[in-house]
Amino acid sequence: MKKIINKKYNKNEPWFNWLTRELNSYEAFQDFASGKNPEDVAEDFISNNSIAISEVFDNFDEEDKYTLDQFLKLTECEWHVFRILAKQIAIRNKIRFVDFKKRKK
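Help me out: how do you make sense of the overall build of the protein in this one?
For the protein, the helix and strand inventory stands at five helices and zero strands. For the protein, the residues scored as buried account for 17% of the 105 residues in total. The long-range fraction of contacts in the protein, counting pairs at least 24 apart against all pairs at least 6 apart in sequence, stands at 44%. Accessible area for the protein stands at about 9100 Å²; split by element, carbon and sulfur atoms hold 57% of it.

Spelled out as structure tokens, the structure:
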């Protein structure tokens, strides 16, 4: 796997470590609060990091493509887990519990 060559950062850092670090430090929630949708926030991230990303692509090989494919699968899986959890919370909030022991006779 190739290393990222962005001059601002460690040249020996793998591209996926760099990407993860940059995504984690990106203030996406501020963009969401201002009304941007996730796709626009992602486009902004890509635009803000276009030089480093182009350097990553310049050195991409088959192993990097495989790694990217695995990350895509993992993030899709995570998305499904979050959707399932959100649905379960919504269902749980709709259920009303009735205590039959307190029912008047």
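Would you take a moment to explain the confidence of the model for the protein for this structure?
Regions with low pLDDT carry predicted coordinates that are not meant to be interpreted in detail. Summarising the model, the protein shows a mean pLDDT of 85, and 83% of its residues fall at 70 or more. The least confident element of the protein is helix α4 (residues 50-58), whose mean pLDDT is 88; the most confident is helix α3 (residues 38-48), at 95. Overall, residues 1-5 carries pLDDT values under 50, and its contacts beyond four positions in sequence, including any with other chains, amount to 25 contacts.

How do you make sense of the pattern of salt bridges when you look at a structure like this?
Should the charged atoms of two oppositely charged side chains come close, the side chains can pair. Here the structure, examined in full by the defined rule, presents four salt bridges. Between E22 and R21 there is a salt bridge whose closest N-O contact spans 3.0 Å. Residue class for E22 comes out buried when judged on its relative accessible area of 11%. Notably, a salt bridge pairs D44 with K36, separated by 2.4 Å at the nearest N-O pair. Assessed through its relative accessible area of 25%, D44 is described here as partly exposed. Looking at K36, the relative accessible area reads 33%, which means it is partly exposed.

Quick question: what am I supposed to make of the packing of aromatic side chains here?
Aromatic rings considered in pairs are described by the distance between their centres and by the relative angle of their planes. Scanning all chains against the criterion turns up seven aromatic pairs. Considering the side-chain rings of W15 and F71, the 6.3 Å spacing of their centres and the 70° angle between planes classify their relative orientation as edge-to-face. In this pair, W15 is assigned in helix α1 (residues 15-25) and F71 in helix α5 (residues 62-94), connecting sequence segments 56 residues apart. W15 sits in the buried class, given a relative accessible area of 5%. Residue classification places F71 among the partly exposed residues on the basis of a relative accessible area of 30%. Chaining the aromatic ring pairs together yields one cluster made of W15, F16, F57, F60 and F71.

Looking at this model, I keep getting lost on a nonpolar patch on the surface. Mind explaining?
A contiguous nonpolar patch, built from L68, F71, L72 and L74 and spanning about 330 Å² of accessible area, is present on the exposed surface. With respect to the helices, strands and loops of the structure, L74 is situated in helix α5. A relative accessible area of 44% means that L74 is categorised as partly exposed.

What counts as what
- Residues numbered from 1 in each chain as written.
- Predicted model: local features only at pLDDT ≥ 70, side-chain atom pairs only at ≥ 80, totals over all residues.
- Heavy atoms only, no water.
- Helix = DSSP H or I, 4+ residues; strand = E, 2+ residues; numbered from the N terminus.
- Buried < 20%, exposed > 50% of the residue type's maximum accessible area, 1.4 Å probe, protein only.
- Contact = heavy atoms within 4.5 Å.
- Areas by Shrake-Rupley, 256 points an atom, 1.4 Å probe, with all protein chains shown as cover.
- pLDDT = per-residue confidence, 0-100.
- Salt bridge = Lys/Arg side-chain N within 4 Å of Asp/Glu carboxyl O.
- Phe/Tyr/Trp six-rings, centres within 6.5 Å; stacked < 30°, edge-to-face > 60°.
- Patch = residues over 30% accessible without salt bridge, like charges linked within 9 Å, V, L, I, M, F, W, Y side chains within 5 Å.

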